[in-house]
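Chains, contacts and geometry: an overview
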Amino acid sequence: MRKISHFGFFSALLMTGAFAGYSFHNHNQLQADSRNVASYPKELTSYRDIVKRCLPAVVSIEPLRKVRTSNGVTNQVTGVGSGVIVDSRGVILTNYHVVDGADSLAVLLSDGKRFVTTDIRGDRKTDLAVVKIHPDQPLPSLSFANSDEMEVGDRVLAIGAPYGLAGSVTHGIISAKSRNLKMNLYEDFIQTDAAVNPGNSGGPLINMEGKIIGINSAIKSKSGGFQGISMSISSNIAKQIMETLLRDGIVKRGYLGIGILDIDEQLAKQLGRKSNSGVVISRIYEDTPAAKAGLKVGDIITRIDEKSINTGDEFTKTIALLAAGKTSDLAIIRDGKPVNLRVLIEEQPATFGLKD
């Protein structure tokens, strides 16, 4: 048996006494802390109430494709994605790439009910789609929040079916806003560090009020899996596209028919401009509204109707919102002098801006 020296013995007693005092002090402190914790907003300690409200409105989506076999034609599942019910009558919002190429869709609700539908309407240029099912009773649904009101640092939840694991919930914060990754023609991504993986696509990004602020769509990753950077299409764009698809079945956009360049500091110097605002016309396509209106390569567009144009992204979105057949006023700078032109907007070709 190992002996304990007197020094060790008394040291142990001192330590025991100190610990007893420390424990007594901390017992009182813990009681005080527990009283303080009880006064915290519940979402600081648990997301359970938000999840209970939101989870029933999130669905899994299985794209089905008809395949001929020796026994006839069968529906083959080609993947898995997510969606969110935005109308209790059976309207579901998801990503275009989730439903792209499907002959029909199997929609699985959180309570196990399954619907098969061919009512699919999509907009490839924003990667959004609307799916309709026909339930016999109202379904749980979520409403939209104003994504412009969200700020970097706000807490969020991502809900979906990563790798087919339906009903999965992850949490994080908004890392950045208004990201443009050049993945789609029209983008306004919210960046978050909430874990998103294959299968999450089309599911909702939720704020602490249990409302949709985004549709989870992509990850920035070298491995193919989550690495802390997730992208969600902002709810303001998603709601607008959804309403258009429900009303018209397709999204129609305005078209001018030009190529443009943003004006950076170097280009501004070359153009002799003190300001970086506006966009430079780099190309004019034949037989387009721009060509018919007399626009020229090198013209700088600074305003469309009452909307000031500062960047190429602003220009693209502004033109897209104009109705075909509408005449718009363009303020341009040509050879250093201001010029005003009127242009008759046409409908954007279906293949405009698509990579393939």
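Predicted, not measured: the structure shown is a model, and the values here were computed from it.

From N to C terminus, the chain includes seven helices and 22 strands. Out of the 356 residues belonging to the chain, those deemed buried represent 41%. Restricting the contact set of the chain to residue pairs at least 6 apart, pairs at least 24 apart contribute 61%. When the accessible area of the chain is evaluated, it comes to approximately 19900 Å², of which 52% is carbon and sulfur surface.

As a further point, take the packing of aromatic side chains. For any pair of aromatic rings, geometry is given as the distance between the ring centres together with the angle between the planes. For the coordinates displayed, the defined rule picks out one aromatic pair. Between tyrosine 255 and phenylalanine 352, the aromatic rings sit 5.3 Å apart at their centres with planes inclined by 70 degrees, giving edge-to-face as the arrangement. Of the two residues, tyrosine 255 sits in strand E15 (residues 254–255) while phenylalanine 352 sits in the segment after strand E22 (346–347), which places them 97 residues apart along the sequence. For tyrosine 255, a relative accessible area of 11% puts it in the buried group. Note on phenylalanine 352: relative accessible area 28%, which makes it partly exposed.

Turning our eyes to something else, we now look at the sheet that holds strand E11 (residues 189–192). Across a sheet, paired strands are connected by hydrogen bonds in the backbone, their directions being either parallel or antiparallel. Ordered by their spatial adjacency, six strands build a closed barrel running E9-E10-E11-E14-E13-E12, and the pairing between neighbours is antiparallel. The sheet shows a mean angle of 45 degrees between the axes of neighbouring strands, direction not considered. Two elements, E11 and strand E14 (residues 230–234), share four bridges in a ladder whose sense is antiparallel. Bridging from a neighbouring strand, phenylalanine 189 pairs with isoleucine 233 of E14. Strands in contact with helix H4 (residues 235–248) are strand E13 (212–219) and E14; relative to E14, the strand with the most contacts, it is inclined by about 50 degrees.

For the rest of this paragraph, the subject is the side chain of threonine 318. If you trace the backbone, threonine 318 turns up in helix H7 (residues 312–321). Overall, threonine 318 belongs to the buried group, its relative accessible area being 13%. What threonine 318 contacts, discounting residues up to four positions off in sequence, is Ile304, Lys307 and Ile309.

Going through the model one piece at a time under the given rule, you end up with ten salt bridges. With a shortest N-O distance of 2.6 Å, arginine 342 and aspartate 329 are connected by a salt bridge. Of this pair, arginine 342 sits in strand E21 (residues 337–344) while aspartate 329 is found in strand E20 (residues 327–334), placing the two residues 13 residues apart along the sequence. For arginine 342, a relative accessible area of 55% puts it in the exposed group. Through salt bridges with shared partners, a single ionic network connects Asp287, Lys292 and Glu346.

We now examine the confidence of the model for the chain. Scored by pLDDT, the chain comes out at a mean of 86, with 85% of its residues at no less than 70. Within the model, the stretch residues 1–25 combines pLDDT values under 50 with one contact to residues more than four positions away or in other chains.

A separate point is the nonpolar core. Counting 29 residues, the largest nonpolar core has Val86, Leu93, Ile206 and Ile212 as its most contacted members. Elements with a contribution of two residues or more to this core: helix H2 (48–54), strand E3 (81–87), strand E4 (91–94), strand E8 (128–132), strand E9 (155–160), E13, E14 and H4. Per element, the largest residue contribution to this core is five residues, and it comes from H4. Setting aside residues no more than four positions away along its own chain, leucine 93 makes contact with Gly83, Val84, Val86, Ala129, Val130, Phe144, Gly202, Ile215, Ala238 and Met242. Ala293, Ile304, Ile332 and Leu341 belong to the second-largest nonpolar core, a separate cluster that totals 18 residues.

Conventions used here
- Residue numbering note: each chain is counted from 1, following its sequence as written.
- In keeping with the predicted nature of the model, local features appear solely for residues at pLDDT of at least 70, side-chain atom pairs appear and are counted solely at 80 or more, and the whole-chain, interface and lining totals rest on all residues.
- Side-chain measures were taken over the full set of non-hydrogen atoms in the model, leaving aside hydrogen atoms and water.
- Under the DSSP-based scheme used, a helix requires at least four consecutive residues in state H or I and a strand at least two consecutive residues in state E, with every element numbered from the N terminus.
- Burial classification: accessible surface area is computed with a 1.4 Å probe over protein chains only, and a residue below 20% of its type maximum counts as buried, one above 50% as exposed, and the rest as partly exposed.
- In what follows, a contact means two residues having at least one pair of non-hydrogen atoms within 4.5 Å.
- In this description, accessible areas are obtained by the Shrake-Rupley approach with a 1.4 Å probe, and a residue is regarded as covered only by the protein chains that are shown.
- Stacked, tilted and edge-to-face are the three classes assigned to paired rings of Phe, Tyr and Trp, where Trp is represented by its six-membered ring and a pair needs centres within 6.5 Å; plane angles under 30 degrees give stacked, over 60 edge-to-face, the rest tilted.
- Strand pairing is assigned whenever DSSP identifies at least 2 bridges connecting the two strands.
- What counts as an axis is a line fitted to C-alpha atoms, over the stretch in contact for a helix, and the angles between N-to-C directions run from 0 to 180 degrees.
- Here a salt bridge means any side-chain nitrogen of Lys or Arg lying within 4 Å of a carboxyl oxygen belonging to Asp or Glu.
- The quantity known as pLDDT measures the predictor's confidence residue by residue, on a range of 0 to 100.
- Buried Ala, Val, Leu, Ile, Met, Phe, Trp, Tyr and Cys residues form a nonpolar core when they are joined through side-chain atoms within 4.5 Å.

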